[in-house]
Amino acid sequence: MYIGVDYYPEQWPKTRWSEDVRMMKELGINVVRIAEFGWSLMEPEEGTYDFSLYDEAIELFAKNGIDVVLGTPTATPPAWMVRRYPDILPVDENGITISFGARRHYTVNSTTYQEFSKKIVNEMAKRYGQHPAVIGWQTDNEYGHEKSDRSYGDEDRARFQDWLKEQYGTLEKLNETWGTVFWSQTYTEWEQIPVPRKVYQEHNPSLLLDFDRFCAEAYNRYNRLQVDELKKHIDERQFITHNFVYTGLALNQKEMAKDLDFISFDNYPVWGGLPEPITPGNIARQHDLCRGTKSGKGYWVMEELSGAQGWSRIGYLPRPGHLQLWTYQAISRGAEAIVYFRWRAARFGTEEFCHGILDHDGKPKRKFDEVKKVIENMKVFGDDWIAADYKADVAVYHDPENDWAWQIQPQSEMFNYVNEFLRFYEPAYAVNAITDIISEVEELNSYKVVVVPVYFLTKPGFTDKLKAYANAGGTVILTYRSGVKDEHNVVTDQTLPGDLAEIAGIEVNEYESLQSGQVNQVEGVQGAIEGIMSDATVWCDLVDPVTAEVLAEYRNTFYSGQAAITRNRTGKGTVYYVGSAVEPAMLRPLYKEVLADAGVATVETPENVEVLFRGESGSEFMSVLNHDTDAAHSFELPEGKWQDPVTGEVYEGTFEIGSLGSIVLKKQQ
Amino acid sequence: MYIGVDYYPEQWPKTRWSEDVRMMKELGINVVRIAEFGWSLMEPEEGTYDFSLYDEAIELFAKNGIDVVLGTPTATPPAWMVRRYPDILPVDENGITISFGARRHYTVNSTTYQEFSKKIVNEMAKRYGQHPAVIGWQTDNEYGHEKSDRSYGDEDRARFQDWLKEQYGTLEKLNETWGTVFWSQTYTEWEQIPVPRKVYQEHNPSLLLDFDRFCAEAYNRYNRLQVDELKKHIDERQFITHNFVYTGLALNQKEMAKDLDFISFDNYPVWGGLPEPITPGNIARQHDLCRGTKSGKGYWVMEELSGAQGWSRIGYLPRPGHLQLWTYQAISRGAEAIVYFRWRAARFGTEEFCHGILDHDGKPKRKFDEVKKVIENMKVFGDDWIAADYKADVAVYHDPENDWAWQIQPQSEMFNYVNEFLRFYEPAYAVNAITDIISEVEELNSYKVVVVPVYFLTKPGFTDKLKAYANAGGTVILTYRSGVKDEHNVVTDQTLPGDLAEIAGIEVNEYESLQSGQVNQVEGVQGAIEGIMSDATVWCDLVDPVTAEVLAEYRNTFYSGQAAITRNRTGKGTVYYVGSAVEPAMLRPLYKEVLADAGVATVETPENVEVLFRGESGSEFMSVLNHDTDAAHSFELPEGKWQDPVTGEVYEGTFEIGSLGSIVLKKQQ
Amino acid sequence: MYIGVDYYPEQWPKTRWSEDVRMMKELGINVVRIAEFGWSLMEPEEGTYDFSLYDEAIELFAKNGIDVVLGTPTATPPAWMVRRYPDILPVDENGITISFGARRHYTVNSTTYQEFSKKIVNEMAKRYGQHPAVIGWQTDNEYGHEKSDRSYGDEDRARFQDWLKEQYGTLEKLNETWGTVFWSQTYTEWEQIPVPRKVYQEHNPSLLLDFDRFCAEAYNRYNRLQVDELKKHIDERQFITHNFVYTGLALNQKEMAKDLDFISFDNYPVWGGLPEPITPGNIARQHDLCRGTKSGKGYWVMEELSGAQGWSRIGYLPRPGHLQLWTYQAISRGAEAIVYFRWRAARFGTEEFCHGILDHDGKPKRKFDEVKKVIENMKVFGDDWIAADYKADVAVYHDPENDWAWQIQPQSEMFNYVNEFLRFYEPAYAVNAITDIISEVEELNSYKVVVVPVYFLTKPGFTDKLKAYANAGGTVILTYRSGVKDEHNVVTDQTLPGDLAEIAGIEVNEYESLQSGQVNQVEGVQGAIEGIMSDATVWCDLVDPVTAEVLAEYRNTFYSGQAAITRNRTGKGTVYYVGSAVEPAMLRPLYKEVLADAGVATVETPENVEVLFRGESGSEFMSVLNHDTDAAHSFELPEGKWQDPVTGEVYEGTFEIGSLGSIVLKKQQ
C-alpha cells in the first residue's frame, strides 16, 4: 500500500533534501507526489526545457526506494507566457480579466493555452515516461477549483457557441429546447448567443445549465488532451489520475474519470476560516463520492490534510488522533493510497499557512509522531484491508447536473444541494448502513434500498430504471422536488412528481418554498415515526395520496393535515416520498424502519461513532471511528470475536472507543 | 368591469390555445394582455415584420368575446439587434456593460434604440390600431425596474450633459447651483461633467439628484416617443397605459402619467425570497399611490399576483382567500380592472417559477376555483362599485424626488423612505381614515388633514400651499427633517425647519442621527399621548418651541426634557411637528386625536382588519378585509344596516370576518 | 498657542466674510487653514492662474491678526485636467477606473499629475511664500485616505516594476526573496510582474507587502516633490506639514514625516454611521502615534471635530463637554495647536453634513459657546502647558508594515491590527501610565517597560535592540505571533518565536487560530493573575517553557494545561510572553504588577477617567478627563496640592470630575 507525502523539492535548498528523505524513510513513506507547480522551472523560457532539478530529486527518491508521482504543471502557467499571450487569462462574469499572481489563471478554452499544455506535457512524458521510479501521473491540479471552472471571455463564448452547434445542430432546435421565445431571446445566428455575463435579472435556466455542461466538458477535453499527450510516451505501467475536489463546480468528475486510470481526491475535513471540521457524515459522503466516481474503483487521497490549513486565514487545528482517524476513514471507504499534504509548511508564497507533517522549522514533532504511528499500525494489514470487498446495500443518487440546476434555481434561500443530499444520506450513515453513491449509469438491482434526494432535474434513463427497480421489489426513497425538470432544465407539464407520480402513488398539486425563519411542523402518524414531531424547513410539498398511505402530516398553516410523508406499494416494491426537509429526529427512525424492512444490515452506535465493514462475511474488517473530540463511547460489537491485528487483542460484546480513537478489527473465524 | 389574465400564446403550442380560452371563459375572463415580450417574433430579422402568431391569437380571442390589450415589446430587444448594435446595451456604475440574456438590456438614451423602438411600435400600431378586439396598449413593461433605471455609458453621459445644458443654460448657473466650488469641481466645458460612476468617496448630492431627474425624464421622453408613434395609427377608442412598479426607481410616474390615458400597476404583495407578504398598509399605500398618480383617476392592476412568485427563489405561497382579499383591496382603493398574472406558469425561461392561475400542468385547481369565485362574486356589483366615488379626508404627501434625495443621503443607516412614509401614513390607515397620496401639484383645500412625512427636499410652491392651507384652518402633520433642502438638494441657510418654522412655531437648533441599536425615549406630556412612552429611532430633532406647545419630550441623553412633538396654532389652523421616528403606539393615539379634532371619519377595527368606503353617503360600499391569516375578528359596523349583495344577507352591530375573509357590504337606505 | 478653524472662503459669499471673521475673533481664534481644495479657482484653465479670491481672504485675515495656513490643492484635480488627461485617474484592483466627481481621484504615480502638481505648488509658493500672514503650508490633504492609497493601473504597474528594480537589483534576488518558485511565479523580465489585481485565490504575500511599501513610498516621493517645490520660494519661517489619518493605509507616516517640519492629524473620535465615539484609549492611541511619528515632536490637530460628522450618513452627536474634553486630551498628549473642523457646515457638496462650530444657518449656538469657553480656559496657560515635557516610562511598539502584513494575512477572521494593538496598549493606558508609541528606530533605554504587540513581521535591528534591552535589565512584554516573519514577509525557519525565543525562554511548537465563536479559557496560576479566568480568542500559542516560568495556562481542548502566559528572567531583565488574546480582566492586573515591578508610576482612576501628566516633577500639569457621558467619578489625587489655574481653586485628596468633565490642574510647589 502506498503512503506518501506531497513534496516540493524546488521550495527547499538541495542541502536539505537528504535530511527530508531520511525522515520520510523513518516514517515509512514509500511515495511522493512532486512537480505539479513547477512549470517555470521546467520551461524557464518559451520552448526551452530544463528538467535538471526534478531529475536530481527523482534520482534521490529512486535511490532511497521512494516512488514518484509526477504532476503536470499546467495549473500555473508561467509569467513569461501570460505576458506574451494574455489571451490565455480567464475572464469573470463581469468581464474582468483574472490577473497573473496566483494559480489557475487560464481558460481551458484558449487554443494558445492548449498548445502550450500539449508541449510541456509531451516534454515531461518523454523525459519521465520510462523512468522506473515514476509510477504515475497527475494531470494538472484540482481542475476548476476556486471559481476557475467558468470563464466568460470572448474565446470562451466562441467555444460555447461551437459546443451548442454540436449539441443542437440547428438554432431551431436550440430555440425550441431552451424556450427562447420567452423574453424574446430567439437566436438567429450562433454568434448571438452570450455566455452568462452580468444581466439586470437572471439568465435563461436552460442556457445556464448548458453553459455549466459546456464548462465541464471543456475541462474534460482539456484533460483528455493531456492524457493523450502523456500516452504517446509513457510506459503502460504508469497510471494517470487527477486530484479532484467535490465542491459543486461546473465539473463532471465522473465523465472525466473515464479518461483516467483511477481518480484521486484532496481530503481537507477542515480549511482556512473554519472553526471546526465538517461533519463525519460529510467526510464519508466525499469518500463515497470518490469511490462512486469510477463506479466502485479504489482511489487515492492525493492530498490528505496533516496540519492546520489556510491561506490568509488558518482554520481549526486538527487534534491529536485526527490524523489516524481521517486516514482510517478514507481507507475504510475505498482509498487505496494516502498522500499527506504536505511534507513541510512552505516559508513563502500563498500557502505559507498550509501546515504539513513538519512545520516551518522542519523539526519532527507531534504530527510527525502521529503519522509514524499510523504507518506502523497499517503495516500489519499489508494490502489485505485495502483489497477487501466493499459491498453496499444502500445506494444514494448523486448528480452534478442536479447540483448545477439547484445552484441556478435554489428556489428557497435555505436550499443547498450538499446539505439536502446529506439530509437524506446521513440517516443511513448514522446507523452504519454501507452506502454507495451512484449516478444514473449504475444498475440498481444489487441494492436493497435506493435513496434519491431532491431529484429535480430528471434523467430519462434513470427514471425508467427507478420505476423498474421499484416494481421489481426494490425500495426507493424519493424526496420533495422530485421529477420537476427534464434534462434541459425545462419544467414538466405533468402533475408532480411527474414521471415518478405513479410509483410514488401521489400527486403534488401545491408546494411552498420556505425561507429563513419560516418553518412548518410535520407529525408522524404511522409506523416508527408515529407521534414524532419535526420542524419542516426549506420546502413543503403538499402531498395528495393517490394509492399511497400517509406516514406523516403537516401540522401548521392552511395545509395542516395534508400528507408530508407517504409510502406506496408498487408492483413488488415500495416507494417512500418525503415531501419536506424534516429533521434527523424524524428521518433516522424512518430510515431504520425502511432499512430493516428491506433487510439492510445496520449497527447501532452512539452519535459520532462510525463503523464500517469491508471484506468477506466471517473474516471482515470492521473500522471503528470515534469522531467525538471530547468523550469516549461504548457500543455493542456485532456478534462474534473481533481482533485488533495491531495488538492482537480480541474483543466481544461491549466495546469502548476513546475520544478521536480509530481502530480496525478483524472478525475471528 | 374588466377581469383578465396576462397570457403568452407564444409560449404554448397552438393546439392548447382553444383549451386555454375555454377555461378563461369558464372563469368569466373578458380581457387578456399579450405580446409585451414578443419582439423577436414580430421582427425576426432587422426590418422584416411577421405578426402572424399574434394575428391568430387575437382572432381567437375576438371570436370568443375576449378583449385584448397589446404590450409593445421593447423591454426585450432581440438578440440580432444586440449583436449588430451593441451600443444599445446599458452600462453599470462601474462601467460594466450589461449583457444580453435577460430583459431591459437597453439604455433609453441610445438613439439607435429609439429608432428601432419607433419602427416596431409603428408597425404594431398600423397592424392593430383599428382592430375591434384590441382595446388598448401597454407601452413596454415596468420601465426602470430591476436597476434598469440608471445607465452610465458614454451615450448616457452625452445626453446627461445635453439635459443639463437645457436645465441650466450656462455652466456658471450650474456651477453656482451645485456648489461645484466644493472639492474643486467647477466645470468649464459641458463635456467635463461625469455620470456618477464609481468614486472613492461620494458624488456631489446636487449632481446625483439631477442625474436621477435626468434618468426619469429620459424614460418619459422614451415613453412619449412610443405614445406619439402609437397615436399616428390607433383608433381613439384604444387607450394607452403603462404598468408601473413603485420601488424607489429614478422614475417619475406622475410625470409620465401625463402622456397616458390611465396608469397601470403590477401588484405583487409577495415575491421571490419573501417569507411573508408586505404589510396590508404597505399594499394600501401602493394603491393610494396608483390612484394619486393620475390625481384620483382609476387605474388597472395589469399584473395581479395569482400564485407563488419568484425567479430563482420562490416566495411565500398565497393562502386560500388571499386572491379575493387582494383583488377586493385593489378595487376598494381605485383599481378599475384586474388582470391576473399569469394564466399559467411557464415551462421555460427565467420566470418558470412565477406561478399563475394554472400551474405548469395546466389543470384547474385551487387557484382556478378561487378566481372563479371572485369573478362570480363581483358580477353582482356590475360597474357600480368601481364607479363609486372615493372621497378622502386625509392627504399624505409623497414625492419621488424626495425619495431620491433620501437615497442619496439617508443620513442615518436606519433611514428608508418607504418605511418612514409608512410610519406616518399607517396611523391613518389603521383607523380606516380614507387617504389620498398627493404630490406638490394637488390642491389641499378639500382635505381635513394633510400629512407631510420627511419633507426633506422642499418644493417652493408646495411649501407655500402648505402655509396657506394651515393658516386658512387646515391641519398639517410635519415630521423630523422637514424643510432642510431646496429643490437643488442644497441645504437651507435658515434655521430648521426653514420655511416651515413659522407655521410649526418651532426651531430645530440641533439634531442627532441615530444608528442601528441607538435609541432615545419619548414621553407624551399632554393630550391623548400623555404618559405614553415610545422608542425614538432613526433621527431626533431637538425641538425648541417658539409659539408651539409641547406634546411630547425626550427622556434620554443630554437632550432629555427637550421637546420631541409639538402643536402650533397658526392662523385658523394647526400644525403638528413630530421630531423623531416614534412608534405606532404613540402615533396612533396622536393621529386619532388629530383626526377627531379635524372631523375626519374613522372606524375602529382590530389589527389587520381594513375597512374602506366608496360611494355616496347613505348608499356606500364598505369593503371589509381581514388580512390576518390565523384568526377571525369582530368589530362594530358603522350605524345602519349593511347588506352583502352576493348573498343578500343583512348585517348590523357586531360583524365577524373570518381569517383572510373579504366582503363588500352596501349600506341599506 | 494656535487655536484655529478650517475655513472655506470660496464656499460663502464675500459679503459674509467679515461677519465670520468678527465671530472668529470673538472666539479668540488666531489661525485659519484655507485653500486645500481650491485648485479650480487657482488654475481655472490649464496654465492660467488666478489667486484673487485667496489674496482677498488672506488680506482680511491679516488685517484682523489671524494667521493663515495654506493647503496645496492637489487632493482635487480640476475637471478640465481629468477630461484632457484621463491617465491621471486611479484604477481599482478590478481594473475599474475611478471617476471624476469626488476627491483624491489621481494616482501619485502619474507623471502627468506630478508635473501639474509641481506647477500649482510652485505658483502658490511664489505667491504666498513671503506673505507675512502665512505661517505655513499643508501639502495636499489626507494622503491615501478612503482607499486612495493603492492604485492598480498601467502606470502604477510600470512604476512598481521600476521600484522593485531599485530594491532588488536583479530578478534573481527578487525571485529568491519572494519565493516565486512557489506556484511557478518566477519572473524573467521585470515587465512580467503584476500589480495585485483580482486573482481567483490570493497573491504572494511578499509581493503584496512590497506593493504596500511601494505605494507608501510613492506617496513619500510625491510629497517630497511638493516640499521641494515649496522650498524653492517660501520663507524659512514658514513651516510645511501634512494632515495624516492613521487608518491602516499603505502609507508610512513616519517616513514621510522626515520631509515635514512637524506632522498634523485629523482627529475625528466619531464619524458618519458610528453610533458612538471610539474608545478613549483608542483616541489616546492616535495621539501617541502622532507624537511618536516625529519621535516625540509636538504636532497639530489640523482638523478637530466640532460637530456631528458624515457624508451621506451622519454619526453620533458630540455631547456638551466633548469639545473641551477632546481638545484637552489632544493637548495633554502633545498637540501644540488645535484647528477646529470646520467653521460652518457647507450648504452643498459631499460634506454638507460635516457640521462645524456653526451649522448651516450660521448662528452662534451651543458649539460656538463651548469653543469660546475652551479658548478662554486655555488662555490661562499661555504656552506653558503645551511646552511642558512629556516623559513616558512605557513604550509600545507600532509598525505600519506589520499592520500591512496582518492585513495581508490576518490568519484569524477575528484579527484586526488596531484591536490587538489596543489590547496590549490599553492596560497601560487604564492605569494612566505615560506611554510612547515607538517604532524600530527609537532607542529603548529610557523606558522602563517596552510592550511589543503582535510582532509578526520582524525588523532585524529592532529584534537585536529588544534582546539587548532585556538583557541589560529592561522589561519586555511580547505577545502571541511574535517573530514569525522576516522583513520580506517570509516565515522564519526557526522554532517560534524565532529570534525572540531565547529572551522569552520559550518555544511555540504549535498554535491555533480561533475563529468567531471559538474560544478557549486561560487561568492565571501565579502572581497577580492567579485564579483569574479569561476567555482566550483570536489565537492560541501553545507555549512550551524552556527557561520561563508559567503565569497562566489554557483550560480547554487538548492543550488544556499548556502554558499561555510566561515570564522569563534574561540577563538583568524580564520578558513576558502573552500567548493568546486574553481579556482586559486578566491583562490589567498583569500589567499593574509588571509596571509596579518595573517602577513605573501609575494612578488608579475609575473606568473612563483618564489622567495625564506633563512637565517637571513638582510643578507638573495633570489633566483629568472623564469620558463617561453619564456619571461623575471620584478618585484620589496624587499626593500634594493641585490648583486649577482657571479658577484658582486648590484640591487635594478625593477629587470628583463631572460627566464629560475635563480640567487641567497644576501641582502646587
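If you're wondering where the values come from, they're calculated on a predicted model, not measured in any experiment. (Residues numbered from 1 in each chain as written. Chains lettered and ligands numbered in written order. Predicted model: local features only at pLDDT ≥ 70, side-chain atom pairs only at ≥ 80, totals over all residues.)

Caption draft 1: Local environment of the overall build of chain A. Secondary structure assignment for chain A yields 18 helices and 27 strands. Radius of gyration (C-alpha) of chain A: 26 Å, near the 26 Å computed for a compact globule of 669 residues. Expressed as a percentage of the 669 residues in chain A, the buried residues total 58%. Here the analysis covers contacts within chain A between residues at least 6 apart in sequence; of these, 74% occur between residues at least 24 apart. (Helix = DSSP H or I, 4+ residues; strand = E, 2+ residues; numbered from the N terminus. Rg over C-alpha atoms; globule rule 2.2 N^0.38 Å. Buried ≥ 20, exposed ≤ 12 C-beta atoms within 10 Å, placed from the backbone. Contact = placed C-beta atoms within 7 Å.)

Caption draft 2: A look at the UniProt feature "binding site: substrate" (unreviewed entry) in chain A. All names here are of chain A. On the UniProt side, "binding site: substrate" (unreviewed entry) is annotated at positions that read Arg 103, Asn 141 and Trp 311 here. Summarising the element assignment, Asn 141 is placed in the loop between strand 4 (134-138) and helix 6 (154-168). Owing to 23 C-beta atoms within 10 Å, Asn 141 belongs among the buried residues under this scheme. The residues contacting Asn 141, other than those within four sequence positions of it, are Glu 36, Gly 71, Ala 75 and Asn 243. (UniProt positions renumbered as here; feature names shortened; annotations may be inferred.)

Caption draft 3: How the structure looks around the sheet that holds strand 21 (residues 609-614) of chain C. Residue and element names in this part refer to chain C. Taken in spatial order, the five strands of this open sheet run 21-22-27-24-25, and their pairing is antiparallel. Where the open sheet ends on each side, the last strands, each with one partner, are strand 21 and strand 25 (650-651). Pairing analysis gives two bridges linking strand 24 (residues 642-643) to strand 25, with the strands arranged antiparallel. Counted as the bridge partner of Trp 642 is Tyr 651 from strand 25. In the packing of helix 11 (residues 322-332) onto the sheet, the strands contacted are strand 21, strand 22 (621-626) and strand 27 (662-667), and the crossing angle to strand 22 comes to about 145 degrees. (Pairing = 2+ DSSP bridges. Axes fitted to C-alpha atoms, helices over the stretch in contact; angles between N-to-C directions.)

Caption draft 4: Structural detail: the sheet that holds strand 27 (residues 662-667) of chain A. All names here are of chain A. Spatial ordering of the open sheet is given by 21-22-27-24-25, a layout of five strands whose pairing is antiparallel. The sheet is open, and its two edges are formed by strand 21 (609-614) and strand 25 (650-651), each paired on a single side. Of the strand pairs in this sheet, strand 22 (residues 621-626) and strand 27 are connected by five bridges, and their pairing is antiparallel. By the bridge assignment, Ser 623 is partnered in strand 27 with Val 664. Its contacts with the sheet put helix 11 (residues 322-332) on strand 21, strand 22 and strand 27, and the angle it makes with strand 22 is roughly 145 degrees.

Caption draft 5: A look at the relation of the copies chain B and chain A. Note on the copies: chain B fits chain A at an RMSD of 0.0 Å, the axial shift is 0.1 Å, and the rotation between them is 120 degrees. Both copies are brought into coincidence by an operation consistent with a three-fold rotation axis. Closest to the rotation axis within chain B is the C-alpha of B:Ile96, separated from it by 5.1 Å. (Least-squares fit on C-alpha atoms with pLDDT ≥ 70 in both.)

Caption draft 6: The arrangement of the interface of chain B and chain A in detail. If you look at the interface, chain B gives 51 residues, while chain A gives 47 residues. If you list the elements that add at least two residues to the side of chain B that touches chain A, you get helix 2 (39-42) and helix 4 (79-84) of chain B. A breakdown of the residues in the side of chain B that touches chain A according to their chemical character gives 21 nonpolar, 15 polar and 15 charged. (Nonpolar A, V, L, I, M, F, W, Y, C, P; charged D, E, K, R; others polar.)

Caption draft 7: Quick peek at the packing of helix 10 (residues 280-293) of chain B against helix 15 (residues 417-430) of chain B. All names here are of chain B. For the pair helix 10 and helix 15, interaxial distance at closest approach is 10 Å and the crossing angle is 95 degrees. On the basis of their axis angle, the class for helix 10 and helix 15 is roughly perpendicular. Contacts from Gly 281, Asn 282, Ala 284 and Arg 285 in helix 10 reach Leu 422, Tyr 425, Glu 426 and Tyr 429 in helix 15. Taken together, the residues of the contact of helix 10 with helix 15 sort by class into four nonpolar, two polar and two charged. (Parallel < 35°, antiparallel > 145°, perpendicular 65-115°, else oblique.)

Caption draft 8: Examining the packing of helix 8 (residues 205-231) of chain C against helix 14 (residues 400-408) of chain C more closely. All names here are of chain C. Running from amino to carboxyl end, helix 8 crosses helix 14 at an angle of 140 degrees, the nearest separation of the two axes being 10 Å. Considering the angle they form, helix 8 stands oblique to helix 14. In this structure, helix 8 crosses over helix 14, and the sense of that crossing is right-handed. Across from Pro 205, Leu 208, Leu 209 and Asp 212 in helix 8, the residues of helix 14 making contact are Trp 404, Ala 405 and Ile 408. In terms of residue class, the contact of helix 8 with helix 14 is built from six nonpolar, no polar and one charged. (Left-handed = near helix turned anticlockwise from the far one by under 90°.)

Caption draft 9: The pairing of strand 14 (residues 506-513) of chain B, seen in detail. All names here are of chain B. The element strand 14 is extensively covered by neighbouring structure, given that seven of its eight residues are classed as buried. Of the pairings in the sheet, the one linking strand 14 to strand 16 (residues 533-545) comprises seven bridges and is antiparallel in character. Across the sheet, the residue bridging to Glu 510 is Leu 542, located in strand 16.

Caption draft 10: The arrangement of the pairing of strand 13 (residues 475-479) of chain C in detail. Residues and elements named next belong to chain C. When you tally the buried positions in strand 13, you get five out of five residues, the bulk of the element. Across the two faces of strand 13 the burial is the same, with Thr 475, Ile 477 and Thr 479 and Val 476 and Leu 478 all buried. As judged from the four bridges shared by strand 12 (residues 449-452) and strand 13, these two strands associate in the parallel manner. If you follow Val 450 over to strand 13, its bridge partner there is Val 476. The pairing of strand 13 with strand 19 (residues 573-578) spans five bridges and is parallel. Bridge pairing in strand 19 places Leu 478 opposite Tyr 577.

Caption draft 11: Summary view of the nonpolar core. A:Val394, A:Val451, B:Val394, B:Val451, C:Val394 and C:Val451 are the most contacted members of the largest nonpolar core, which has 636 residues in total. When neighbours within four sequence positions are excluded, B:Val451 is seen to be in contact with B:Val394, B:Val396, B:Tyr397, B:Phe424, B:Tyr425, B:Ala428 and B:Ile477. (Core = buried A, V, L, I, M, F, W, Y, C linked by C-beta atoms within 7 Å.)

Caption draft 12: Up close: the domain arrangement of chain A. Residues and elements named next belong to chain A. Per the domain assignment, the segments of chain A are domain 1 (1-34 + 262-379), domain 2 (394-598) and domain 3 (609-667). A C-alpha centroid distance of 37 Å is found between domain 1 and domain 2. Opposite the eight residues of domain 1 that make contact, domain 2 presents ten residues. Taken together, the residues of the side of domain 1 that touches domain 2 break down into two nonpolar, four polar and two charged. (Domains from an automatic or database assignment.)

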